[in-house]
Amino acid sequence: MIDSLFESELGDRRIFKDMSILSPHYVPPELPHRDNEIRDVTRIIAPALREEKPNNLFIYGKTGTGKTCVVKYVIRKLEEFVNNPEKNIKNAVVKVVYMNCKIRNTKYQVLLKTLEDNALNDPSLSNTPLADRPDKGLKGMDPVDLYERLFRVVQSNGINLIIILDEIDQVKKELNDLLYILPRINDELSSGSVSIIGISNDMRVKRRLDPRSRSTLCEEEIIFRPYNAVQLMTILRQRIKDGFQPNTVKEGAVRRIAAFAAQDGDARYALRLLQKAGEIARNEGKDKVDIEDVGKAKDLVEKDIMAEAISTLPEHQQIVIYSIASLASRGGMYKRLSGIHDGDLFTGEVYEAYERNCRLLNTAPRTMRRFSEYLNELEMLGLITMRMSGKGQRGTTRFIRLGYPPEEIKQIVKGSLGLE
Ligand SMILES: Nc1ncnc2c1ncn2[C@@H]1O[C@H](COP(=O)(O)OP(=O)(O)O)[C@@H](O)[C@H]1O
Ligand SMILES: [Mg+2]
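This is a predicted model, so every value here is computed, not measured.

### Re the overall build of the protein
And step 1. A tally of helices and strands in the protein yields 17 helices and 8 strands.
And step 2. Once the C-alpha set of the protein is aligned to its principal axes, its extents read approximately 75 × 60 × 45 Å.
And step 3. The buried share of the protein, taken over its 420 residues, is 35%.

Following this line, the structure appears as structure tokens:
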């Protein structure tokens, strides 16, 4: 028994050399096809080294286009440069705080994280925010106090502080307020500065900003374009070289992954497929990853992505997608009457099913208007597709179609809604 365990462990190493190279948090030593973006970010933050305030920067581009890793890469280089005694950075105190706003999604939490970050609590600094509260932390303190502490540590040390707000679109409320209050510190500082880098997958976040905070954040803008298949091949090959045993991924498999991922230009998806395909090949005891493994990996990864998307939806959107799925699995009421396309549902029948399910769950159904917004959001997430009905049919109603098999969706939502 133990022998076979050892053997399977040995087998584990047949495909992968180092799985951590494939983790989404790993930042590789080189980022191919992002030279221009790296140069632009570097140019924009470099004034901090001369004790000048860098412009604020807004970065956007679709998911998996390398925004996070490019920024982390540049920050790493900046910190190496600052800490290199040979570079003789005499006076400039440059500090960087990175956070993901999926976790810090309010103004208060952003302030708190900034103050509690190691960058501002370095023992070489004076007036550090946690100095008088080493154990308690700052949670629960008045926002005015937090603001005051931020001012004090920046001012008394002359820090050029760069705050990186990744996935800034996830800040629910008070985004305008946050983008107003942080840069205002600069008006009062006579030494040091505070700059912001906002990163978003969703360009529409700009529309949520009032003109003043928009012009503050968007002093500089960089757009990240989706990768094409050739670029994705380079990125994949780099990880294969470092993360896999030599000659364990067939050329055809790499091409297939790149082709799939090029549809959205998404490097994260490409790497996920690569890892999953490797796991499938390994678990089947094969010594090479081939096209077939990639096909299987795609099904599994897509299922995972769908499950993640659904389980993080707010309750009412889950009820809507559940209603669509249960109608779709029955074929829909009107389909038989009107003979419309297989799998299409009318908005009206979905709303009725939604109302019924709300009653079952003892929650008040939202208005038709909110319901329409939910549908738009579900479409944005790729969970459904919609099209307008043809002329003469039921006015301006829309046809709804599910992007995934209804039974799978029902299974996922049932669990999280607590239905039978
Ligand atoms: N040019 C690149 N070279 C190597 N790896 C990359 C490159 N661009 C993206 N990646 C990898 O792809 C994944 C997604 O990148 P990420 O920076 O998280 O995208 P975004 O923040 O735009 O959604 C990460 O694992 C990242 O390391
Ligand atoms: Mg990112």
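### A look at the domain arrangement of the protein
And step 1. Each assigned domain of the protein is listed with its residue range as follows: domain 1 (2–22 + 227–310), domain 2 (35–224) and domain 3 (313–417).
And step 2. Contacts between the two partners involve 5 residues from domain 1 and, on the opposite side, 10 residues from domain 3.
And step 3. Partitioned by chemical class, the residues of the side of domain 1 that touches domain 3 number 4 nonpolar, no polar and 1 charged.

### Observations regarding helix α13 (residues 315–330)
The α-helix advances 3.6 residues per turn, and as a result positions three or four apart in sequence lie on the same side.
And step 1. Here α13 spans 23 Å end to end across 16 residues, near enough to the 22 Å set by a 1.5 Å rise per residue.
And step 2. Most of α13 sits inside the fold, with 12 of its 16 residues counted as buried.
And step 3. For α13, every residue scored as buried is listed here: Q317, Q318, I319, V320, I321, Y322, S323, I324, A325, S326, L327 and A328.

### Thoughts on the environment of A131
And step 1. With respect to the helices and strands, A131 occurs in the loop between α4 (107–116) and α5 (143–157).
And step 2. Under the C-beta neighbour-count criterion, A131 is labelled partly exposed, with 13 such atoms within 10 Å.
And step 3. In this structure, the C-alpha to C-alpha distance between A131 and N121, residues 10 residues apart in sequence, is 7.7 Å.

### Considering the site of ligand 1
And step 1. The environment of ligand 1 is made up of 22 residues, and the closest members are G66, K67, T68, C69 and A267.
And step 2. Listed by contribution, the elements that provide at least two residues to the shell around ligand 1 are α3 (67–83), α9 (229–243) and α11 (267–283).
And step 3. Both domain 1 (2–22 + 227–310) and domain 2 (35–224) contribute no fewer than three residues apiece to the shell around ligand 1.

### What to know about the sheet that holds strand β8 (residues 398–402)
And step 1. Overall, antiparallel pairing links the 3 strands, which are arranged β6-β8-β7 in an open sheet. Bordering the open sheet on either side are β6 (345–346) and β7 (384–388), each of which pairs with just one other strand.
And step 2. In terms of strand pairing, β6 meets β8 through 2 bridges, oriented antiparallel. Within β8, the position partnered with L345 by the bridge is I400.
And step 3. Packing of α13 onto the sheet brings it into contact with β6, β7 and β8, and relative to β8 it is tilted by some 85°.

### Examining the nonpolar core
And step 1. Membership of the largest hydrophobic core comes to 45 residues, with the highest contact counts inside it found for V71, V74, I162, I163, I164, L165 and I197.
And step 2. Aside from chain neighbours lying at most four places away, what touches I162 is I45, A48, P54, V96, S195 and I197.
And step 3. Membership of the second largest hydrophobic core comes to 28 residues, among which are L236, A258, F260 and A261.

### Points about the pairing of strand β1 (residues 57–61)
Side chains on a regular strand alternate between the two faces of the sheet.
And step 1. Of all 5 residues that make up β1, 5 are buried, and the element is covered over most of its length.
And step 2. Here β1 shows no split at all, with L57, I59 and G61 on one side and F58 and Y60 on the other all buried.
And step 3. Here β1 runs beside strand β4 (residues 193–200); their pairing, made up of 4 bridges, is parallel. Within β4, the residue paired with I59 across the bridge is I199.

### Looking at the sheet that holds β4
And step 1. In spatial order, the strands read β2-β3-β4-β1-β5; together these 5 strands make up an open sheet with parallel pairing. Strands at the two margins of the open sheet, each flanked by one partner only, are β2 (93–100) and β5 (220–224). Strand-to-strand twist of the sheet, defined as the mean angle between neighbouring strand axes without regard to direction, takes the value 15°.
And step 2. Sheet strands touched by α5: β2, β3 (159–166) and β4. Its angle to β3, the strand with the most contacts, is close to 140°.

### Observations concerning the packing of α13 against helix α15 (residues 347–360)
And step 1. It is the contact of α13 with α15, at a shortest axis distance of 9 Å, that shows an interaxial angle of 115°. For the pair α13 and α15, the crossing hand works out as right-handed. Contact residues: I319, V320, Y322, S323, I324, S326 and L327 in α13; E349, V350, A353, Y354, N357 and C358 in α15.
And step 2. For the contact of α13 with α15, the per-class residue count stands at 9 nonpolar, 3 polar and 1 charged.

### Some remarks on the environment of K296
And step 1. Relative to the helices and strands, K296 is located in helix α12 (residues 291–311).
And step 2. C-beta crowding within 10 Å serves as the criterion here: with 14 such atoms nearby, K296 is assigned to the partly exposed category.
And step 3. Along the backbone, K296 and A277 are 19 residues apart, and their C-alpha atoms lie at a distance of 7.3 Å.

### Some points on the confidence of the model for the protein
And step 1. Mean pLDDT for the protein: 90, with 92% of residues reaching 70 or above.
And step 2. Scored below 50 in pLDDT, residues 333–340 makes 5 contacts in the model with residues more than four places away or belonging to other chains.

Calculation rules
Residues numbered from 1 in each chain as written. Chains lettered and ligands numbered in written order. Predicted model: local features only at pLDDT ≥ 70, side-chain atom pairs only at ≥ 80, totals over all residues. Helix = DSSP H or I, 4+ residues; strand = E, 2+ residues; numbered from the N terminus. Buried ≥ 20, exposed ≤ 12 C-beta atoms within 10 Å, placed from the backbone. Domains from an automatic or database assignment. Contact = placed C-beta atoms within 7 Å. Nonpolar A, V, L, I, M, F, W, Y, C, P; charged D, E, K, R; others polar. Expected span 1.5 Å × (residues − 1). Near = placed C-beta within 6 Å. Pairing = 2+ DSSP bridges. Axes fitted to C-alpha atoms, helices over the stretch in contact; angles between N-to-C directions. Core = buried A, V, L, I, M, F, W, Y, C linked by C-beta atoms within 7 Å. Left-handed = near helix turned anticlockwise from the far one by under 90°. pLDDT = per-residue confidence, 0-100.

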